[in-house]
Each structure stands twice: as C-alpha cells, then as structure tokens.
Amino acid sequence: MTSLDGGDLDLLNPVRTADPPGDAPFTSTGRLPSRPTVTGLLRDAHATYATLDDGTVADYIPSLAAADPGRFGISVCGVDGTSFSIGDAQDAFSIQSVSKAFTFALVCGAIGHTTVREAVGVNNTGLAFDSVMALELNGGSPRNPMVNAGALVMISLVPGDSAAAKWQFLQEGMSRFAGRRLLLDVEVYESEAATNHRNRALAALLRSYGHMSYDPLLTTDIYTRQCSLLVSARDLAVMGATLADGGVNPLTHERVVDPSVCRDTLAVMAASGLYQRSGDWLYEVGLPGKSGVSGGIVTVAPGKGGLAAYSPRLDAAGTSIRGQHAIRSLSRSLGLDLFASAPVAGPAASGTPSERTT
Ligand code: GLU
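Parameters and conventions
Residues numbered from 1 in each chain as written. Predicted model: local features only at pLDDT ≥ 70, side-chain atom pairs only at ≥ 80, totals over all residues. Heavy atoms only, no water. Core = buried A, V, L, I, M, F, W, Y, C linked by side-chain atoms within 4.5 Å. Buried < 20%, exposed > 50% of the residue type's maximum accessible area, 1.4 Å probe, protein only. Pairing = 2+ DSSP bridges. Helix = DSSP H or I, 4+ residues; strand = E, 2+ residues; numbered from the N terminus. Axes fitted to C-alpha atoms, helices over the stretch in contact; angles between N-to-C directions. Near = heavy atom within 4 Å. Polar contact = N/O pair within 3.5 Å; in protein donor to acceptor, adjacent residues only side chain to side chain. Nonpolar A, V, L, I, M, F, W, Y, C, P; charged D, E, K, R; others polar.

When you look at the nonpolar core in this model, what are you seeing that I'm missing?
The nonpolar side chains of a soluble globular protein tend to be buried with one another. Phe-102, Phe-177, Leu-236, Met-239, Leu-243 and Val-257 are the most contacted members of the largest nonpolar core, which totals 60 residues. Listed in part, the 24 residues of the second largest apolar core include Leu-42, Ile-74, Ala-309 and Ala-326.

Explanation requested: the sheet that holds strand β6 (residues 296-301) in the structure shown.
Note: strands within a sheet are paired through backbone hydrogen bonds, in either parallel or antiparallel orientation. As summarised here, the arrangement of the 5 strands in space is β2-β1-β7-β6-β5, forming an open sheet in which the pairing is antiparallel. The sheet terminates laterally at β2 (83-87) and β5 (289-291), the two strands that pair on one side only. Shown here is a sheet whose adjacent strand axes are inclined to one another by a mean of 10 degrees, direction ignored. One ladder, built from 3 bridges, connects β5 with β6; its direction is antiparallel. Opposite Gly-289, over in β6, you have Thr-299 as the bridge partner.

I would appreciate a short explanation of the site of the ligand in the present structure.
Close to the ligand lie Tyr-60, Gln-96, Ser-97, Phe-129, Asn-148, Glu-192, Asn-199, Tyr-223, Cys-227, Tyr-275, Gly-292 and Val-293. Within the side chain of Gln-96, one N or O atom sits 2.6 Å away from a nitrogen atom of the ligand. At 2.7 Å, a side-chain N or O of Tyr-223 approaches an oxygen atom of the ligand. Its residues placed into classes, the shell around the ligand shows 6 nonpolar, 5 polar and 1 charged.

Looking at this structure, I do not really get the pairing of β6. What am I missing?
The side chains of a regular strand alternate between the sheet's two faces. For β6, the buried fraction is high: 6 of the 6 residues fall into the buried class. Because side chains alternate across β6, one face comprises the buried residues Gly-296, Val-298 and Val-300, and the other comprises Ile-297, Thr-299 and Ala-301, equally buried. Linking β5 back to β6 in an antiparallel pair, the connection comprises 4 residues, with Gly-295 at a positive phi of about 110 degrees. Pairing analysis gives 6 bridges linking β6 to strand β7 (residues 305-310), with the strands arranged antiparallel. Each residue of the ladder has a partner; that of Thr-299, found in β7, is Leu-307. Between β6 and the antiparallel strand that follows it, β7, lie 3 residues; Gly-303 among them carries a positive phi value of about 80 degrees.

So far we have only geometry, and geometry alone does not tell us how the molecule works.
What follows is the structure, encoded as structure tokens:
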C-alpha cells in the first residue's frame, strides 16, 4: 500500500498501550460480563481512545479520503444476541478487507476447506496486503486469503458460472452474516474501480502463474464490489458473533456456515488478519481479527461474541489506530483474550500438580 507505508518492506512497529482501566479478571473463561459492566467498559474505552489523533485516513482509494477522521464507534454482540454500542457504531462505511474473512468462510462452506487451502494457503506473507513482491517470492502463491492476492483467488473460487452469480453469492452470504441486506456503496466502488491498477496487476500475475482460474479483470471487479459493501461497527460485531456462535447468526438464528468453517476462518484470521502485524496483534490482543483500510476491525471471541470498532485514522500497515487500542483494552477488560486462562479455583490450586491429584 504505497500511499501509507511507502512500499512492501514495512518494518514492524508494534503499538503499545497502557494497561486497561479497572481490575478486570483478564481471562477468557466464562461468559461476557453483565450488561452494566460491558456498557461501562465500552464507555471508558471510547472516552480514553477518542483522544488519539495519530494516523491518517486512507487516500489511495480517492473516495475514502473524504472520511471524517474524528468518527469512532465500538460495538459488541454476544452469542445470545445481546448487543452494546458506543459512539459512531451505526456509521456506514465500506467493509474493505474485513470482507476477506467472510468470503473465506463462505467459499470454504461451499467448496470445502481442502480445496481452498491448496489454492490459497494459510501462512502469513510478512509483507503488506497488496504486496507484489510476496507473490513473486512465493512462486505465485498468495499464501493466505487475507491479503489481496489471496482474496482475488478466493473470488475466482466463488461458486457461480457468471460474474453476476458470483456477486450474488457474496452479497447474500455477507448479508446473512450481518443479519440484514448489505448494500453496495456505489461511490466507493466506482472510485476504487477507477484506481485499482495494483489489484488488476495482482490478478494478472496470478493468472500468469496459473493460480487464477477465472477472468482476472472480472475477478478484480467482483473483489472491488465486495470491498464496497456498506457496514457499520454494529454489523461487524454481529458478523463476528456469527463466527463466535459456530456459524449461526445470533440475531436471525440462521445458520450461515458450519462450525468447522468458523474454526478454520478464525485460525486464518489469527495468523494473517492484521496484515504484516498479525503477530503483534495476537500477542497484544489475543483474538482472531480482521481489519480494513476504511477503519473497521472485527474480532471474535469463540463462544462469547464479536467485538468491532470503526475509526478511519490508520497506522502504517492500514489498521485503525483508535480501533486497535480500544479492542486491545476491551479484550482484556471483557475477558476475551484466548490466551489468558484463570487458575483452577480452590485450595488445591496452590499445590504442586502431583499434590493436587492425591
Ligand atoms: N479494497 C482495498 C484494496 O484492495 C482493501 C484493502 C484493505 O482494506 O486492506 O486495496
């Protein structure tokens, strides 16, 4: 993403934030805290991180440059359908790369994860999401479905014998994840379609390597439409909660994908969802996530729910700065971090393992 990080070799620059407020247990066990607690924690996180003014709005897609950098919303949706939002959580913005996680899930559900894995792979590239070098270094393999090259191959695998049929599959599938019909932002679509030379080049390169089974230009066009679907932070929380709920939308109760597809999707998000900073993200936040250059982030706490944020100021890798700070804090205070387990309760917990079994 040349306009944001100056090229492919963006060096890692982890973001560190202060520890979250309060004395929350910071474990992944159990359920979401009570409604008043969640509401209070969301309010605190929003107030704390709304003061951050670092980063810039993406401008390599011209219409994204018009986003108001001050917007900031956070939303949580539990697997029981209860939802909590603060700030600009109902603002509509184009989903951009966040869509890649859901396309992966929908395509795995339709054609099976083995075919998808063979075609795309599940390893991080360590390079920017639109890196041409990553493709060249890996013999034309996109490596994973969360970078543009992998997302383009995913589009070529979408069921349907025409571009219209493929698009219908994606729009309907994404809408089932959100629990409402998602519409195209025509302005964003036309703006990106007029300027997406790099993605067209990636699709053509994939074709030259024999990794693109569908027409490269039509594939790029469908991908651009997918990125232009309008969502809110609240929609992303519901979409994340559907992945957290074994593939059943907690609002509509419709099964969107199977539990095994959710599991595979979360694994890929954990490895590659935050671009070349996915390792930093997993280390700091402890949740599978996916971010996009319009400022949206979705994270998933399996069995608990989805947590999403929207704020358009981005770091050098293309992820919302306020969003990632807020989610890091809330992952801890809401007890979502997958790697933070509680000790076994009771007196035996203080003994050695052998003492505890006697
Ligand atoms: N449509 C954007 C692109 O292809 C998505 C990038 C992103 O959100 O990371 O560049």
